[in-house]
Amino acid sequence: MEDTKSKNKVFLVSEITKIVKTILTEEDILKNIWIRGEVSNLSFSSSGHIYFSLKDDNSILKCIFLSFNSNRYKGKKLQNGMEIQVNGGITVYEAGGYYNFNVTKVEEIGQGEILQKIENLKNKLDKMGIFNPAHKKPIPKFPKTLGIATSQTGAALHDIIKIAKERFPNINILIAPCLVQGVDAPNSIARAILELNNPEWQVDVIIAGRGGGSFEDLIAFHDEIVVMAFYNSVVPIISAVGHEVDRVLSDLSADIAAPTPTAAAKLAIPDISEVDNYIEDMERRFLHALNSKINLLQEKIISFTNKRIFQEPKSILIERYQRADEVLNRIYLLGKNYLSHKKSELQKFESIDFFIQTGLTKFVGVFNVVAERIENFSPLSTLSRGYSVTRTLKKEVVSSTKKILVGDELEVILHEGIIQVEVKKINDKNSG
């Protein structure tokens, strides 16, 4: 009988651990997930890694927050007993023979809901065109007055003023102090931006923001009131909220966004040394262009003065006189030829009376012959010889007895006058 033990493979501990690791790490359901719990067994390593456990009423899950992820965390410092939710995936530590959760992101409880509200507001404002690049105004190159809307006690104000004065000592700075965190911060920031837009202050560019901080510290710059204040600013405005990863919504509605207040000051204020260099370069270019223009004009002047008109100015008058004489001679000849031509045409009509008289005599003779013929064939001529024309009262000529009846009234046209008669008797042409 074959030994059953030979049919069953015997695994090493490390082999089993690898199999378990493969199964756990390849499951999609265990990747990129969120887990909620209470922090316990918290410890910080010198390398920057953070180790802790998440627990609920029934279980404990070991977690590791590696330094390249934990360095981006800007929330409240983790403490035992703190309620959080973490994002990441399951991994297996083979040497220890246990699984843990590799954390990539940490949020305090409730932060996820806030992020969703921010995302919803972002989508709403984007559809309204609040973030449209076409609305953004250019930052002036040489502002005279800089407006700052930030906390008067924060480091951001000191950094902006320091950089602005270093870059352009003569810059005017107008400060509108405001709260930058807390419940009242959104209205305070909006009022400060509105005040800096007052034409009385003649502000050329505005920097509004604060230094870095946790997610909760920056929440005011996600508020719709603040976002719309940036959007509605007539004066070009720079959003300067110190953050490393996620952008606040005010960055999207501002004319330009800077990662820090210091960077914003460098965007808003020109460097006086760069301006000086630019002016010097422009001066050199201007002088070069001016000298080139002067040289060109000098060459043109020399070229003009060498022309005959400047050497012998009377020569041009002589030529003009000669041309004028030629024109006058041509006009005289043309007028003389025109008059001669018209005179010859008039001579053709000197014998016009003779031609007219001859033509009229000829036409009168023809007219008399035609008139005589018309007279001979005229009905009136016929009537003068004793004939008459008989018509009905309807002016119809009677040419046959068949067209009339006894009792009809007729009119007889004579050479002189018309008589009316009544038919008493009709005889046809065949009767005696």
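Use the structure listed above.
Rules of the game
- Residues numbered from 1 in each chain as written.
- Predicted model: local features only at pLDDT ≥ 70, side-chain atom pairs only at ≥ 80, totals over all residues.
- Heavy atoms only, no water.
- Helix = DSSP H or I, 4+ residues; strand = E, 2+ residues; numbered from the N terminus.
- Buried < 20%, exposed > 50% of the residue type's maximum accessible area, 1.4 Å probe, protein only.
- Contact = heavy atoms within 4.5 Å.
- Areas by Shrake-Rupley, 256 points an atom, 1.4 Å probe, with all protein chains shown as cover.
- Pairing = 2+ DSSP bridges.
- Axes fitted to C-alpha atoms, helices over the stretch in contact; angles between N-to-C directions.
- Arc of directions from axis to C-beta.
- Parallel < 35°, antiparallel > 145°, perpendicular 65-115°, else oblique.
- Nonpolar A, V, L, I, M, F, W, Y, C, P; charged D, E, K, R; others polar.
- Core = buried A, V, L, I, M, F, W, Y, C linked by side-chain atoms within 4.5 Å.
- Salt bridge = Lys/Arg side-chain N within 4 Å of Asp/Glu carboxyl O.
- Lys, Arg positive; Asp, Glu negative; His and termini not counted.

Asks: Please give an account of the overall build of the protein that cites residues and values.
Replies: Of regular secondary structure, the protein possesses 14 helices and 13 strands. A burial count over the protein gives 29% of its 432 residues as buried. Across the protein, the fraction of contacts at a sequence separation of at least 24, relative to all contacts at a separation of at least 6, is 59%. Accessible area for the protein stands at about 30,000 Å²; split by element, carbon and sulfur atoms hold 56% of it.

Asks: Outline the sheet that holds strand 8 (residues 205–210), supporting the account with residue identities and numerical values.
Replies: Overall, parallel pairing links the five strands, which are arranged 7-6-8-9-10 in an open sheet. For this open sheet the edge positions go to strand 7 (172–177) and strand 10 (256–258), each flanked by a neighbour on one side alone. The average undirected angle you get between the axes of adjacent strands in this sheet is 20°. By the bridge criterion, five bridges tie strand 8 to strand 9 (residues 237–241) in an arrangement that is parallel. From the neighbouring strand, G209 faces strand 9, where its bridge partner is A240. Contacting strand 6 (145–150), strand 7, strand 8 and strand 9, helix 5 (residues 185–196) runs over the sheet at an angle of about 170° to strand 6.

Asks: Pulling in residues and values, what's your account of the sheet that holds strand 12 (residues 409–413)?
Replies: Overall, antiparallel pairing links the three strands, which are arranged 11-12-13 in an open sheet. On the outer flanks of this sheet lie strand 11 (389–392) and strand 13 (418–422), each paired with one strand and no other. Adjacent strand axes in the sheet meet at a mean angle of 30° when their direction is disregarded. Across four bridges, strand 11 lies against strand 12 in antiparallel orientation. Bridged to T390 within strand 12 is V412.

Asks: An account of helix 9 (residues 261–268) is requested, with residue identities and associated values reported.
Replies: The periodicity of an α-helix, 3.6 residues per turn, causes residues three or four positions apart to be oriented the same way. Every buried residue belonging to helix 9 is among P261, A264, A265 and A268, and all of these are buried. With its buried residues spanning 100° around the axis, helix 9 presents them on a single face. The inward-facing, buried residues of helix 9 contact strand 6, helix 4 (155–167), strand 8, strand 9 and strand 10.

Asks: Please give an account of the packing of helix 5 against helix 7 (residues 224–232) that cites residues and values.
Replies: Across the interface, helix 5 lies against helix 7 with an axial gap of 8 Å and an inter-helix angle of 10°. Of the possible angle classes, the one that applies to helix 5 and helix 7 is roughly parallel. Together, P186, N187, I189, A190 and I193 of helix 5 and I225, V226, A229 and F230 of helix 7 make up the contact between the two elements. Broken down by class, the residue content of the contact of helix 5 with helix 7 amounts to eight nonpolar, one polar and no charged.

Asks: Can you explain the nonpolar core? Please cite residues and give values.
Replies: A149, I189, I193, F221, F230 and I237 are the most contacted members of the largest nonpolar core, which totals 24 residues. Within the residue set of this core, elements represented by two or more residues are helix 5, strand 8, helix 7 and strand 9. Each residue touching I193, except ones within four places of it in the same chain, is listed here: A149, I206, A208, A229, F230, S233 and I237.

Asks: Break down unusual backbone geometry for me, with residues and values.
Replies: The phi dihedral of N32 falls on the positive side, at around 50°, and the residue is not glycine. Looking at the element boundaries, N32 is found in the loop between helix 1 (13–26) and strand 1 (33–44). Among the residues examined, N32 registers a relative accessible area of 62% and is labelled exposed. For Q202, which is not glycine, the phi torsion reads 55° and is therefore positive. The topology assignment puts Q202 in the loop between helix 5 and strand 8.

Asks: Give me the lowdown on the pattern of salt bridges, citing residues and values where you can.
Replies: Under the counting rule described, the total for this entry stands at nine salt bridges. Here D281 makes a salt bridge to R284, at a shortest N to O gap of 3.6 Å. With a gap of three residues between them, D281 and R284 both fall in helix 10 (residues 272–305), about one helical turn apart. Overall, the relative accessible area of 25% leaves D281 in the partly exposed class.

Asks: Give me the side chain of D271: which residues, what numbers.
Replies: Secondary-structure assignment places D271 in the loop between helix 9 and helix 10. No salt bridge is formed by the buried D271; the nearest opposite charge belongs to R167, separated by 4.1 Å.

By themselves, these figures tell us nothing about what the structure is for.
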